[in-house]
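Results of the structural survey
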Amino acid sequence: MEQRLYQVMAQLAGTAATMAWDTGFQRRAQDYYLLALRASHAGGDMVLGANVLAGMARQMLYRDQPRDALELIRLAQDGARHVAGPRVRAMLHTREAWAYAAMGRTAAFRRTTDQAAEALTDAKPGEEPHWIAYFDEAELAGTTGGRLLDLARHNPRQHAEAAATEIRHALAKRGPEASRSHALDRIGLAQCHFLLGDVRGAVKETHRAVDAARATRSGRVRAQLGDLSPYTVGNSVARPVREARDRIRDLLST
């Protein structure tokens, strides 16, 4: 009974950490993550502990600390090596791949992304904890597309089209009901079009991104929507681009 109580505490603290992180309260998120990690260990749940470490790694990645993130992911993989199911293993591989992408290690990124896809093929409904059920083909595609987009910002010719393909796949698989992920996908796809020089497509996707962002209160969504603004400024931008920029500004000002 005591172990079960610790496991419930870990899940609640992990959820609180994710909510705090998503709304921009980084220090509070760290405190909740540490509480969740201690509780998962006290509850003897190494898989849940690995998930907490993965959340901590994600926070480090958003703070541009990929080496710290990679250390956390390796701890998670080592701790859950013999008990993690295929979805958890796939999720951990994608976080590892994210760190490699942030460090510009393209070959390592591709290798670990392939490992994630391979692990996910063994996943079956109901065989793993409920908190990892979200990690499916759509989530893998969206995460992979986001990381390819990171690489495309430095080399659009090599990575932007591949990023757009993965993000479109994610959008087709999960739809607008996954509001935060749907909005992030739309924002990413708009950025892909800008990087590819497809202004018409970029404007269309920016309007869709703004519509999707209105459906969620996620601070992370708003922050990433703001990242589209630099693509819409300049003395020579066309009226459709200015209109898209105004919609971004209107939403971010509310």
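Computed from a prediction, not measured in an experiment: that's the story for all the values here. (Residues numbered from 1 in each chain as written. Predicted model: local features only at pLDDT ≥ 70, side-chain atom pairs only at ≥ 80, totals over all residues. Heavy atoms only, no water.)

Considering every residue of the protein chain, the mean pLDDT works out to 92; 98% of them sit at 70 or more. Within the protein chain, helix α1 (residues 2-22) has the poorest average pLDDT of any element, 88, and helix α5 (residues 86-102) the best, 97. (pLDDT = per-residue confidence, 0-100. Helix = DSSP H or I, 4+ residues; strand = E, 2+ residues; numbered from the N terminus.)

The end-to-end C-alpha separation of helix α4 (residues 66-79) is 20 Å, in line with the 20 Å expected for 14 residues at 1.5 Å each. Looking at the packing, one finds that the buried side of α4 touches α3 (46-62) and α5. (Expected span 1.5 Å × (residues − 1). Contact = heavy atoms within 4.5 Å.)

In this structure, M56, V88, L92, F109 and F135 are the most contacted members of the largest nonpolar core, which totals 55 residues. In terms of residue count, the dominant contributor to this core is α3 (ten residues). In this structure, L92 is in contact with A50, A54, I73, A76 and Q77, ignoring residues within four places of it in sequence. One finds L184, A190, F194 and L251 within the second-largest nonpolar core, a separate group that totals 15 residues. (Core = buried A, V, L, I, M, F, W, Y, C linked by side-chain atoms within 4.5 Å. Buried < 20%, exposed > 50% of the residue type's maximum accessible area, 1.4 Å probe, protein only.)

Further remarks concern the pattern of salt bridges. For the structure on display, the rule yields 13 salt bridges. In this structure, the salt-bridge partner of R153 is D150, at a minimum N-O distance of 2.6 Å. Note that E243 is salt-bridged to R239, the shortest N-O span being 3.6 Å. Note that E243 and R239 are positioned in helix α12 (residues 239-252) at a spacing of four residues, about one turn of the helix. Judged by relative accessible area, which is 39%, E243 ranks as partly exposed. Ionic contacts of the salt-bridge type, sharing partners, join the residues D22, R180 and R220 into one network. (Salt bridge = Lys/Arg side-chain N within 4 Å of Asp/Glu carboxyl O.)

Our next topic: the environment of A152. Mapping A152 onto the fold places it in helix α7 (residues 137-152). Relative accessible area serves as the criterion here: at 0%, A152 is assigned to the buried category. For the pair A152 and A84, spaced 68 residues apart in the sequence, the C-alpha separation amounts to 32 Å. Each residue touching A152, except ones within four places of it in the same chain, is listed here: H159, A160 and L195.

This part takes up helix α2 (residues 26-42). The first and last C-alpha atoms of α2 sit 24 Å apart over 17 residues, in line with the 24 Å expected at 1.5 Å per residue. Considered for burial, the residues of α2 that qualify are A29, Y33, A36, L37, A39 and S40. Of the surrounding elements, those touching the buried residues of α2 are α1 and α3. Among the residues trailing α2, G44 stands out with phi positive, at a value near 70 degrees.

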